[in-house]
Amino acid sequence: MNIDTIQEEIIDEFSMFDDWMQRYEYMIDLGKALPLIEEQYKTDDNIIKGCQSKVWVHAELEDSKLVFTADSDAIITKGIIAILIRVFSNQKPQDIIDANTNFIDEIGLKEHLSPTRANGLVSMIKQLKLYAVAYQTQLN
């Protein structure tokens, strides 16, 4: 599935909920299903800077596609990174670099986060795209 299709799927899923309490619960469930990062990658090098909570992300290239794993010490943040990984994992680095993230505004995520969590969200997207740039450079 391509990035746009996955983003549309997420928009549809979030539109099923009536209020943000239900959406938060859904995000927490997504976080619980997150493919967890191996303990060996829970290092300072893999912590996303700019997040209030600790968020670790690891990327590997498999068959010319980036595969992300992650974890966080906060349940909402874990849900946020789970959504981003669902969108960007198993995609070609160039597709990740070129992708827009309008779906975040469409589901209303940024406006329902505290300012520090919203900054963390931006940092997470930036870090995932930086991994894509680094791996795309290797492929060229």
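Reading guide: rules and limits
- Residues numbered from 1 in each chain as written.
- Predicted model: local features only at pLDDT ≥ 70, side-chain atom pairs only at ≥ 80, totals over all residues.
- Heavy atoms only, no water.
- UniProt positions renumbered as here; feature names shortened; annotations may be inferred.
- Helix = DSSP H or I, 4+ residues; strand = E, 2+ residues; numbered from the N terminus.
- Expected span 1.5 Å × (residues − 1).
- Contact = heavy atoms within 4.5 Å.
- Buried < 20%, exposed > 50% of the residue type's maximum accessible area, 1.4 Å probe, protein only.
- Pairing = 2+ DSSP bridges.
- Phe/Tyr/Trp six-rings, centres within 6.5 Å; stacked < 30°, edge-to-face > 60°.
- Lys NZ or Arg CZ within 6 Å of the ring centre and 35° of its normal.

By the naming in an unreviewed UniProt entry, the protein chain goes by SufE family protein and is assigned to Croceitalea vernalis. Its UniProt record gives the protein chain the following Sequence similarities (unreviewed entry) comment, quoted word for word: "Belongs to the SufE family."

J.: I keep staring at helix α6 (residues 115–139) and nothing clicks. Help me out?
T.: Helical periodicity: at 3.6 residues per turn, an α-helix aligns residues three or four positions apart in one direction. Over its 25 residues, α6 runs 36 Å from end to end, which matches the ideal 36 Å to within 8%, given 1.5 Å per residue. Each element contacted by the buried residues of α6 is listed here: β1 (55–62), β2 (65–72), α3 (75–88), α4 (93–98) and α5 (102–106).

J.: Whenever I open this one, the pairing of β2 confuses me. Can you help?
T.: Side-chain positions along a regular strand alternate between the two faces of the sheet. Most of β2 is tucked away, with seven of its eight residues classed as buried. One ladder, built from eight bridges, connects β1 with β2; its direction is antiparallel. Pairing of L61 across the sheet is with L66, part of β2. Connecting β1 to the antiparallel partner β2 that follows it, the hairpin turn spans two residues, and D63 within it adopts a positive phi of roughly 50°.

J.: How should I be thinking about the environment of W20 in this particular structure?
T.: Along the chain, the position of W20 falls in helix α2 (residues 20–32). Residue classification places W20 among the buried positions, given a relative accessible area of 12%. Beyond its immediate chain neighbours, meaning those up to four positions away, W20 contacts F14, M27, I107, G108, L109 and H112.

J.: Sorry, what's going on with the environment of D63 here?
T.: Along the chain, D63 turns up in the loop between β1 and β2. The exposed category is assigned to D63, whose relative accessible area is 76%. The sequence separation of D63 and K92 amounts to 29 residues, and the corresponding C-alpha distance is 9.1 Å.

J.: Sorry if this is basic, but what is going on with the UniProt feature "domain: Fe-S metabolism associated" (unreviewed entry) in the protein chain here?
T.: Summarizing the sequence annotation, UniProt attributes the feature "domain: Fe-S metabolism associated" (unreviewed entry) to residues 12–129 in the numbering used throughout. Strand forms 14% of residues 12–129 and helix 48%; the C-alpha atoms that close the span are 24 Å apart.

J.: Explanation requested: the packing of aromatic side chains in the structure shown.
T.: Evaluated as defined, the whole model comprises five aromatic pairs. Seen from their ring centres, F68 and Y131 are 6.1 Å apart, and the 65° between their planes marks the pair as edge-to-face. With a gap of 63 residues between them, F68 in strand β2 and Y131 in helix α6 connect regions that are remote in the sequence. Y131 carries the same exposure label as F68, and that label is buried. For K42, the ring lying beneath its charged end belongs to W56, and the centroid distance is 4.8 Å.

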